[in-house]
Amino acid sequence: VRLVESGGGLVQPGGSLRLSCAASGGYFLLSDTDWYRQAPGKQRELVAAFPSTGNTHYADSVKGRFTISKDHAKSTLYLQMDSLKSEDTAVYYCRFQDPAGTVSWGQGTQVTVSS
């Protein structure tokens, strides 16, 4: 599956951004889908998950501020990020795992939270 991300940028603390991850060539409906992020000098970490079955879940650091969602008709995964903090600055990646276990990653989109 090919994943194309968009929506990153520079935002002030307290602001909002919505990231998009458009999928093509895969089984969107049946895939587990996640958002990860990687800050400079840190390991990549799971931010939010939207399994093909089951409930969404979030890292403790973003609970109540971030929302993961899907539009099946558009084969697009979203991450709505509100009340952004400087510590949310990172490159954000979408990740898909299809029913066969094959994992695909987006190219990453930079989110910078700064005044």
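For the structure itself, consult the block above.
Residues numbered from 1 in each chain as written. Predicted model: local features only at pLDDT ≥ 70, side-chain atom pairs only at ≥ 80, totals over all residues. Heavy atoms only, no water.

Engineer: Please give an account of unusual backbone geometry that cites residues and values.
Structural biologist: For Ser75, which is not a glycine, the phi torsion comes out positive at approximately 50°. Following the sequence through the fold, Ser75 ends up in the loop between β7 (66–71) and β8 (76–81). (Helix = DSSP H or I, 4+ residues; strand = E, 2+ residues; numbered from the N terminus.)

Engineer: Report on the state of the cysteines, specifying residues and quantitative values.
Structural biologist: All chains considered together, the criterion is met by one disulfide. Covalent S-S linkage joins Cys21 and Cys94, the inter-sulfur distance amounting to 2.0 Å. Given an S-S torsion of about 60°, the disulfide between Cys21 and Cys94 has right-handed geometry. Linking Cys21 in strand β3 (residues 17–24) with Cys94 in strand β9 (residues 90–97), this pair joins segments that are 73 residues apart in sequence. Across the pair, exposure class does not vary: Cys21 and Cys94 are buried alike. (Disulfide = S-S within 2.5 Å. Buried < 20%, exposed > 50% of the residue type's maximum accessible area, 1.4 Å probe, protein only.)

Engineer: So what's going on with the packing of aromatic side chains? Residues and values would help.
Structural biologist: Throughout the structure, instances matching the rule amount to three aromatic pairs. With a centroid separation of 5.1 Å and 65° between ring planes, the pair formed by Tyr36 and Trp105 is classed as edge-to-face. Placement of Tyr36 in strand β4 (residues 32–38) and of Trp105 in strand β10 (residues 103–105) is noted, with a sequence separation of 69 residues between them. For Trp105, a relative accessible area of 36% translates into the label partly exposed. By way of ring pairs, the aromatic residues Tyr36, Tyr93 and Trp105 are connected into one cluster. Directly above the ring of Phe28 sits Lys70, whose terminal nitrogen or CZ lies 5.7 Å from the centroid. Above the ring of Phe50, the side-chain terminus of Lys70 is found at 4.6 Å from the ring centroid. (Phe/Tyr/Trp six-rings, centres within 6.5 Å; stacked < 30°, edge-to-face > 60°. Lys NZ or Arg CZ within 6 Å of the ring centre and 35° of its normal.)

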